[in-house]
Amino acid sequence: MEVWTISKILDWTTDYFKKYDIEWPHLEAEILLAHALNCKRIELYTKYEKNLSAAELDKFKQMIKRRSQHEPIAYITGYKSFMSLEFYVNRSVLIPRPETEELVETIISLIKTNSNLTTIADIGTGSGVIAITLAKYLKDINVIAIDSSTEALQVAQKNSQTHQVDQRCQLVNGHLLEPLQEKVDLIVSNPPYIPSSVIEELPNDVKDWEPKQALDGGPNGLDYIRNLIENAPAYLKPGGFLFLEIGYDQGEKVSGITAACNKYQSFEILKDSNNHDRVLKAQT
Ligand code: GLN
């Protein structure tokens, strides 16, 4: 049997990934190999000339094959890191994005200076990443996390147990705001906001693997955003907040919808670290 050292297999995989147009061939080879060997990436370098066992090689080959078909790394390893927390993910849920970390950070700062904001609803919770991260970093809040997909809720449940916030994070199956029975202080959502016609133009990693229902926001991408802007005030206490993640080019339209519905005292569009419109913050 051919002997494969860590160094040799990394080189081979990097070349192989290049042929398949994988974005970061060397880095991704390292991430996957570290996962297959159950070690940290940095540790690969301390055992560079170590031989892989047949079982390790077999496990890694399966992962290479999946990645060469453009399956996202997070689905292959089953994990995605978000604000220094590890979240279990599978194909039932959107893979958490860095832009969403910025949204969550903004809410954490707001709540730290407004301790009267204690009840939060996360609409379309998916992996639970927004709800669970908020509950993990803010010990005095209670979150209701809603999703229309029962498969997604199973993922969120697993994550809320892992992060030990299940006592303060209630998972509910239902459509958008409908399951809410009491008014809350803050509603947050990262709704599907990509226009249907743009979905086919997305990279294969996204369009072939991530759930369409988590991405597709209807003809102009604004279906869910509009619904939430118009209906959230009925579920918010006076002075309550709505935070929505939006597309980089949707700021103007989202402002228009928010102004036209005439149910908010104030609102603003916040930019992300790339200086793109990214979040609607509105207060009733
Ligand atoms: N709330 C989840 C996230 O932000 C899922 C969002 C979605 O599926 N659109 O990652």
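Nothing here was measured: the structure is a model prediction, and the numbers come from that model. (Residues numbered from 1 in each chain as written. Predicted model: local features only at pLDDT ≥ 70, side-chain atom pairs only at ≥ 80, totals over all residues. Heavy atoms only, no water.)

Caption draft 1: Seen up close, helix H4 (residues 54-68). With 15 residues, H4 ought to run about 21 Å at 1.5 Å a step, and its terminal C-alpha atoms sit 21 Å apart, in line with that. Within the sequence span of H4, burial applies to Leu57, Phe60, Met63, Ile64, Arg67 and Ser68. Buried residues of H4 fall within an arc of 130° about the axis and therefore sit on the same side. Structural note: H4 exposes Ala55 and Lys65 on the side pointing more than 90 degrees away from its buried face. In the segment just after H4, His70 is the residue with positive phi, at about 70°. (Helix = DSSP H or I, 4+ residues; strand = E, 2+ residues; numbered from the N terminus. Expected span 1.5 Å × (residues − 1). Buried < 20%, exposed > 50% of the residue type's maximum accessible area, 1.4 Å probe, protein only. Arc of directions from axis to C-beta.)

Caption draft 2: Local environment of unusual backbone geometry. Residues other than glycine seldom take positive phi values, yet Ser84 does so here, at roughly 65°. Within the secondary structure layout, Ser84 lies in the loop between strand S1 (79-82) and strand S2 (85-88). Classification of Ser84 as exposed rests on a relative accessible area of 72%. Residues other than glycine seldom take positive phi values, yet Asn275 does so here, at roughly 65°. If you trace the backbone, Asn275 turns up in the loop between strand S8 (266-271) and strand S9 (277-283). Exposure remark for Asn275: the relative accessible area of 56% places this residue in the exposed category.

Caption draft 3: View of the pattern of salt bridges. Under the criterion given, the structure shown has nine salt bridges. Linking Glu30 and Arg41 is a salt bridge whose minimum nitrogen-to-oxygen distance equals 2.9 Å. Note that Glu30 is positioned in helix H2 (residues 25-36) and Arg41 in helix H3 (residues 41-46), a separation of 11 residues in sequence. For Glu56, the salt bridge identified is with Lys50, shortest N-O distance 3.9 Å. Residue classification places Lys50 among the partly exposed positions, given a relative accessible area of 37%. Via salt bridges that share partners, Glu28, Arg67 and Asp205 belong to a single interconnected network. (Salt bridge = Lys/Arg side-chain N within 4 Å of Asp/Glu carboxyl O.)

Caption draft 4: Fine view of the sheet that holds S8. On the basis of which strands lie adjacent, the open sheet formed by seven strands has the order S5-S4-S3-S6-S7-S9-S8 and mixed pairing. The sheet is open, and its two borders are formed by strand S5 (169-173) and S8, each paired with just one other strand. Averaged over all pairs of adjacent strands, the angle between strand axes in this sheet comes to 15°, irrespective of strand direction. Here strand S6 (residues 184-189) pairs with strand S7 (residues 236-245) via five bridges, running parallel. Residue pairing for S7: Ile187 is matched across the bridge by Leu242. (Pairing = 2+ DSSP bridges. Axes fitted to C-alpha atoms, helices over the stretch in contact; angles between N-to-C directions.)

Caption draft 5: Looking closely at the nonpolar core. If you look at the biggest cluster of nonpolar residues, it comprises 31 residues, and the most contacted ones within it are Ile123, Ile187, Ile225, Ile229, Leu242 and Leu244. Mapped onto this core, the elements with two or more residues apiece are strand S3 (119-123), S6, helix H11 (223-231), S7, helix H12 (251-261) and S9. Setting aside residues up to four positions removed in sequence, Leu244 forms contacts with Ser189, Ile225, Leu228, Ile229, Arg278, Val279 and Leu280. (Core = buried A, V, L, I, M, F, W, Y, C linked by side-chain atoms within 4.5 Å. Contact = heavy atoms within 4.5 Å.)

Caption draft 6: Representation of the pairing of S8. Both S8 and S9 contribute to a ladder of six bridges, which runs antiparallel. Residue pairing for S9: Glu268 is matched across the bridge by Lys281. Between S8 and S9, which pair antiparallel in sequence order, lie five residues; one of them, Asn275, sits at a positive phi of approximately 65°.

Caption draft 7: Layout of the site of the ligand. Looking at the ligand, the residues that line it are Leu94, Thr100, Gly124, Thr125, Gly126, Val129, Ile130, Asn190, Pro191, Pro192 and Ala214. Here a nitrogen atom of the ligand sits 3.2 Å away from a polar atom, N or O, in the main chain of Thr125. At 2.9 Å from a nitrogen atom of the ligand is found a main-chain nitrogen or oxygen belonging to Asn190. For the ligand, the protein covers 95% of the area, taking 300 Å² as the surface of the free molecule. (Near = heavy atom within 4 Å. Polar contact = N/O pair within 3.5 Å; in protein donor to acceptor, adjacent residues only side chain to side chain. Areas by Shrake-Rupley, 256 points an atom, 1.4 Å probe, with all protein chains shown as cover.)

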